[in-house]
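# Coordinate analysis (summary)
Single-letter residue listing:
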Amino acid sequence: MKTQDIMARLQAKYPGEKEYLQAVQEVLESVEEVYNQHPEFEKAKIVERMVEPDRIFTFRVTWVDDQGEVQTNTGYRIQFNSAIGPYKGGLRFHRMVNPSMLKFLGFEQTFKNALTTLPMGGAKGGSDFDPKGKTDAEIMRFCQAFMLELWQCIGPDQDIPAGDVGVGGREIGFLYGMYKKLAREYNTGVLTGKGSTWGGSILRPEATGFGALYFTQNLLHHAGKDIQGCKVAVSGFGNVAWGACIKALELGAKVVAISGPDGVCAIPDGITKEMIDYMLVMRASNRDRVEDMATRFPDKAQFTAGKKAWSVPCDIALPCAFQNELSEDDAKELKANGCWCCCEVSNMGCQPGAIHYFQHNGVLFAPGKAVNAGGVATSGLEMTQNAEHISWSGKEVDEKLHFIMKSIHEQCVKFGTQPDGSVDYVKGANIAGFMKVAQAMLEQGTI
Ligand code: 2IT
């Protein structure tokens, strides 16, 4: 297998699918050497099969807004790979959603899910619906219209969606309500991220952020460092950033920045519990503005329009917002301001130039598919509880999440340790995830 040849073919076939091509290129570059030591993979054309989704559903979603006007969006579900388990992955509601974005996310999800140690294949879905400025009633009508089509594609042993950007507990509630009505069954295992009184796992809302901090702790420990007292810059203020802030505070770190599409809030004395709680209010308002934090806490947070979290000096950068949110220039600014570690929490949050810069300038870096896997792992734990018709305590879930993040870190070290003893976490995560999926595909024959 030659990465260049496969990329040339994919570029010709899918011109303009920028995010998808970027995600595939990163994985193929990482695994090429190991792959070529396995002629049985080459013979079965594992890579050629793995880069194509199993199937893509596209559907029209029509709903009525509060003014009585008819609105039309496009809905998608991309079932990427089911070698090691049923399709599993989130739903993204964002105005920029398109097939390229969901293909990149579904592709990444496949390897991420393989790293979790749980039996889950990869999928992603969503819609170009823009939640910004929508009322609760509009969100509900959109979710219901979306599920009217989606329900035919999913099932507890088939494909299990969850949340992602723009889809949280509120949306999962509306989606589940409509699913239940259509399917005429109380099949809680069909979605994860549900409310804790109706089949949701305790700690699922926090799990992506908590898991990211557990991974960061493992990484720092491996490098002989400690998170206590570190200044942390977080981008975003959604569910993932919220969970990361809670755990960072608990572990004795100081969150000195959060950000939004409108700019950054610098928080020189560190974020407080009260401010973290307010992030939930900001998310529920659908205003999509981080400035609201500075308006609410004028003594603690200083808002600067148009700036990113990476402009605030920190020790550790935690991108928690969106793909490609951290550029090479941002990486240089971070390093110049003293940053020595970046754990990517968003999916593909760093541009290739930024990753390259970190890796060649002594900044510890770990990729999203390892760092943020605690979210989907806890979804897997939710599925187990649903299948057994039980619910575990927060302590039980947290212990399992700890174990999973430790194990993901170990896999990265096993496959990513370089001759000089340093760990290439990008390589480690990609090879570990890839080998597991490739082996399963090989054993299941040419399908
Ligand atoms: O990117 C992700 O891993 C998620 N949005 C969570 C997916 C899930 O199924 O919990």
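Our subject is the structure listed above.
Please read all numbers here as calculations on a predicted model, not as lab measurements.

So, on to the overall build of the protein. Regarding its fold elements, the protein presents 17 helices and 12 strands. Taking 22 Å as the expected radius of gyration for a compact globule of 447 residues, we find that the protein reaches 21 Å, a close match to that expectation. Principal-axis analysis of the C-alpha atoms places the extent of the protein at approximately 60 × 60 × 45 Å. Relative to its 447 residues, the protein shows a buried fraction of 57%. Long-range contacts, defined as pairs at least 24 residues apart, comprise 72% of the intrachain contacts of the protein with a sequence gap of at least 6.

Moving on: helix H10 (residues 273–284). Helix length check: H10 (12 residues) gives 18 Å between terminal C-alpha atoms against 16 Å at 1.5 Å per residue, within 8%. Along H10, the residues classified as buried are Met275, Ile276, Tyr278, Met279 and Met282. The arc that holds the buried residues of H10, viewed along the axis, is 155°, so those residues lie on one side. Buried residues along H10 sit in contact with helix H9 (239–250), strand E7 (254–260) and helix H11 (291–296). Note on H10: the residue one or two positions beyond its end, asparagine 286, has a positive phi of about 60°.

Turning our attention to the sheet that holds strand E6 (residues 231–234). With respect to topology, seven strands assemble into an open sheet ordered E9-E8-E7-E6-E10-E11-E12, the strand pairing being mixed. Strands at the two margins of the open sheet, each flanked by one partner only, are strand E9 (302–305) and strand E12 (364–366). Averaged over all pairs of adjacent strands, the angle between their axes in this sheet comes to 15°, without regard to strand direction. Here E6 runs beside strand E10 (residues 316–318); their pairing, made up of three bridges, is parallel. Looking at the pairing, alanine 233 lines up with alanine 317 of E10.

Bringing the pattern of salt bridges into the picture now. Applying the stated criterion to the full structure yields 23 salt bridges. Across the salt bridge formed by arginine 92 and aspartate 164, the nearest N and O atoms sit 2.6 Å from each other. You can see arginine 92 sitting in strand E3 (residues 87–93) and its partner aspartate 164 sitting in the loop between strand E5 (159–162) and helix H7 (169–183), a full 72 residues away along the chain. Of the two residues examined, arginine 92 and aspartate 164, each falls in the buried class. In this structure, glutamate 399 engages lysine 395 in a salt bridge whose closest nitrogen and oxygen atoms are separated by 3.2 Å. Of this pair, glutamate 399 and lysine 395 both sit in helix H16 (residues 394–416), separated by four residues, roughly a single helical turn. Each member of the salt-bridge network shares a partner with another, and the members are Asp136, Arg170, Glu171 and Arg283.

Thresholds, definitions, all that
Residues numbered from 1 in each chain as written. Predicted model: local features only at pLDDT ≥ 70, side-chain atom pairs only at ≥ 80, totals over all residues. Heavy atoms only, no water. Helix = DSSP H or I, 4+ residues; strand = E, 2+ residues; numbered from the N terminus. Rg over C-alpha atoms; globule rule 2.2 N^0.38 Å. Buried < 20%, exposed > 50% of the residue type's maximum accessible area, 1.4 Å probe, protein only. Contact = heavy atoms within 4.5 Å. Expected span 1.5 Å × (residues − 1). Arc of directions from axis to C-beta. Pairing = 2+ DSSP bridges. Axes fitted to C-alpha atoms, helices over the stretch in contact; angles between N-to-C directions. Salt bridge = Lys/Arg side-chain N within 4 Å of Asp/Glu carboxyl O.

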